[in-house]
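Structure at a glance
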Amino acid sequence: MSWFRCVETRPWASLRLFCLPHAGGSAVFYRTWAREVGPAIELHAVQYPGRADRMSEPMVSDADRLARLIAGAMAPLLDRPFALFGHSMGAVVAYEVARLLQERGTPPVHLFASGARPPHDRGEDRVAGRDDDGLVEALAELGGTDAEVLQDPELRELVLPYVRNDFALIEGYRHRPEPRLNVPVTVLAGDSDPHADPGVAAKWRQVTDAGPCNVRVWPGGHFYLTEHRSEVIGEVLRTLEVPVGP
């Protein structure tokens, strides 16, 4: 099955935006973005295997392998300029995708890293090894999943395996300093994110050689972009020099 979900194909669009979800997330997280980015961008949300309409497929538990699979699947869609946007785990995977595509001669025009510690400073958080209650508690702390919903045993049985897989994937990730990224990076963060506060997130500046790395901060926690979706999309459009509004 395809790695990407595109709500509306736009053959006339001048640029493609590939959006990578957080740990435990799916392409539906970006579904409402397609309309807001406007007609000049064709948005493709990455659907990781092992969830949603790819539930029957085996999960990928290694970040480097996941990046290689995504980069390979992108190949037919690189006939026009493109940018990458990743939130949390998705930002680190997007970074690795960007490095792979840079080596292959088709780098993105920009990387947007949202709600994420930088690749070389992953911190000490360890969630994957917790029991189910501990895993649900960690999700509640981040604010991305309704913990009350996950009290349902059947839903837990469905959701927690791929959530645990994703946490294991990102917690097992080890950064390689080479090749250096030569792609502009914009960092986006919530001012009260317990996982990646703006000071930590700003260290993304250390992984790119492509000039200034801008940091944009909004009020909110790890999922600040849910409340500030329009402002975040506006920042993406301004950075990519795409017209905002009709």
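Notes on the structure in this doc start here. (Residues numbered from 1 in each chain as written. Predicted model: local features only at pLDDT ≥ 70, side-chain atom pairs only at ≥ 80, totals over all residues. Heavy atoms only, no water.)

**Some points on the packing of aromatic side chains**
The following threshold applies: Centres within 6.5 Å make a pair out of two Phe, Tyr or Trp rings, where for Trp the six-membered ring is used; the pair is then stacked when the planes are under 30 degrees apart, edge-to-face when over 60, and tilted otherwise. Throughout, exposure labels follow a simple rule: accessible area from a 1.4 Å probe, protein chains only, divided by the maximum for the residue type, with under 20% read as buried, over 50% as exposed, and the rest as partly exposed. Either the NZ atom of lysine or the CZ atom of arginine qualifies as a charge over a ring when it sits within 6 Å of the ring centre and within 35 degrees of the ring normal.
Enumeration according to the criterion identifies ten aromatic pairs in this entry. A centroid spacing of 5.2 Å and a plane angle of 85° characterise the contact between Phe29 and Tyr30, whose relative ring orientation is edge-to-face. With a relative accessible area of 1%, Tyr30 lands in the buried category. Summarising the aromatic geometry, the rings of Trp218 and Tyr224 are spaced 5.8 Å apart at their centres and angled 15° between planes, so their arrangement reads as stacked. For Trp218, a relative accessible area of 11% corresponds to the buried category. Exposure remark for Tyr224: the relative accessible area of 0% places this residue in the buried category. Each member of the aromatic cluster is reached from another via a ring pair, and the members are Phe29, Tyr30, Trp33, Phe85, Phe112 and Phe223. Between the NZ or CZ atom of Arg54 and the centre of the ring of Trp3, over which it lies, the distance is 4.3 Å.

**A few points about unusual backbone geometry**
Let me state the cut-off plainly: The numbering of helices and of strands both runs from the N terminus, where a helix is a DSSP run of H or I of at least 4 residues and a strand a run of E of at least 2.
Backbone torsion omega between Glu178 and Pro179 reads 0°, so that peptide bond is classified as cis. For Pro179, the location among the structural elements is in the loop between α5 (153-171) and β6 (185-190). One non-glycine residue, Ala52, adopts positive backbone phi at about 50°. By the secondary structure assignment, Ala52 is in the loop between β3 (41-46) and α2 (63-74). Residue classification places Ala52 among the partly exposed residues on the basis of a relative accessible area of 45%.

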